[in-house]
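# Report on the structure
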Amino acid sequence: MERILVSACLMGRKVRYDGHAKTSHDALLAAWRDEGRLVPFCPEVEGGLPIPRPAAEIEGGVGGAAVLSGAARVLATDGSDVTAEFLAGAQAALAVARSFGVRLAVLKEGSPSCGALSIYDGTFRGHRTPGKGVTTALLELNGIRVFNEEHVTEAADYLRTLET
């Protein structure tokens with residue numbers, strides 16, 4: 001049985017920066033949870049950040065690959081540099097994914113860790129830009145397909161290809 005890495009906040013865990021969850025009520029995610037497929041994970045918490053914590057964005061909105069290469073940082077609204085925690089969380093997510101043989105993930109869109117299609121632009125003004133979060137970039141560099149919570153049907157299609 002294929003296991004699926006999933007953002008813990010989508011599973012109702014109160015791990016987001018504001019101390020809340022972003023619980024998904026998607027029927028496929030619920031079915032996968034009931035089947036025991038899901039591996040809930042929060043890279044920001046596992047990277048050492050507290051709950052709650054200041055919101056963070058990738059400077060310049062350049063995306064997770066730039067953070068991985070050292071060309072950009074992750075900064076919090078209080079001005080602190082949280083790049084090390086985001087990198088540690090991404091590495092921890094990859095380690096957990098590998099330990100479960102994960103080949104696909106469903107992660108929270110917009111997050112500087114988990115965004116698959118868009119992230120915030122680094123201005124802390126609520127503007128999004130195309131890009132990937134740090135964890136998503138690392139997972140994809142290691143062959144793990146990442147989908148967001150709005151594309152669970154596509155994730156299910158991919159899962160079927162993995163299991164045939």
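Here the structure is shown first, and the text comes after it.
In what follows, the accompanying structure is described. Predicted model only: the values in this text are computed from it and were never measured.

### Comments concerning the nonpolar core
With 28 residues, the main nonpolar core has Leu5, Val74 and Leu139 as its most contacted residues. Counting residues per element, this core draws most heavily on helix α4 (residues 83–100), at 5 residues. Contact partners of leucine 5, with chain neighbours within four places excluded, come to Val39, Phe41, Ala93, Val96, Val102, Leu104, Ala105, Val106, Leu107 and Leu139. Of all hydrophobic cores here, the second largest spans 19 residues; its members include Ala8, Trp32, Phe147 and Leu159.

### Brief notes about the layout of surface pockets
There is about 470 Å³ of room inside the largest pocket. Along its surface, the largest pocket is lined by 27 residues, and Arg16, Tyr17, Gly110, Ser111 and Pro112 are the ones closest to its centre. Only α2 (43–46) and β3 (56–58) provide two or more residues apiece to the lining of the largest pocket. Taken together, the residues of the lining of the largest pocket sort by class into 14 nonpolar, 5 polar and 8 charged.

### A word on the sheet that holds strand β2 (residues 38–41)
Spatially, β2-β1-β5-β8 is the arrangement adopted by the 4 strands of the open sheet, whose pairing is parallel. Strands with a single pairing partner mark the edges of an open sheet, and in this sheet they are β2 and β8 (145–148). With direction set aside, neighbouring strand axes in the sheet form an average angle of 25°. Looking at chain direction, strand β5 (residues 104–107) and β8 are connected through 4 bridges and run parallel. Bridged to leucine 107 within β8 is asparagine 148. Where α4 meets the sheet, it contacts β1 (4–7) and β2, and its direction lies at approximately 165° from that of β2. Against the sheet, helix α6 (residues 152–162) touches β1, β5 and β8, its axis set at about 170° to β5.

### Looking at the pattern of salt bridges
Opposite charge on two side chains lets them pair, provided their charged atoms get close. Counted by the stated rule, this structure contains 11 salt bridges. One salt bridge connects arginine 73 with aspartate 81, and the closest N-O pair in it is separated by 4.0 Å. Judged by its relative accessible area of 38%, aspartate 81 is partly exposed. One salt-bridge network, in which partners are shared between bridges, spans Glu35, Arg37 and Glu163.

Definitions and limits used
- Residues numbered from 1 in each chain as written.
- Predicted model: local features only at pLDDT ≥ 70, side-chain atom pairs only at ≥ 80, totals over all residues.
- Heavy atoms only, no water.
- Core = buried A, V, L, I, M, F, W, Y, C linked by side-chain atoms within 4.5 Å.
- Buried < 20%, exposed > 50% of the residue type's maximum accessible area, 1.4 Å probe, protein only.
- Helix = DSSP H or I, 4+ residues; strand = E, 2+ residues; numbered from the N terminus.
- Contact = heavy atoms within 4.5 Å.
- 1 Å grid on protein atoms, 1.4 Å probe; cavity = no way out; pocket = protein on both sides within 12 Å on 5 of 7 lines; lining within 4 Å.
- Points joined across faces, edges and corners; volume = space filled by probe spheres on them.
- Nonpolar A, V, L, I, M, F, W, Y, C, P; charged D, E, K, R; others polar.
- Pairing = 2+ DSSP bridges.
- Axes fitted to C-alpha atoms, helices over the stretch in contact; angles between N-to-C directions.
- Salt bridge = Lys/Arg side-chain N within 4 Å of Asp/Glu carboxyl O.

Read these as spatial facts, not as claims about activity.
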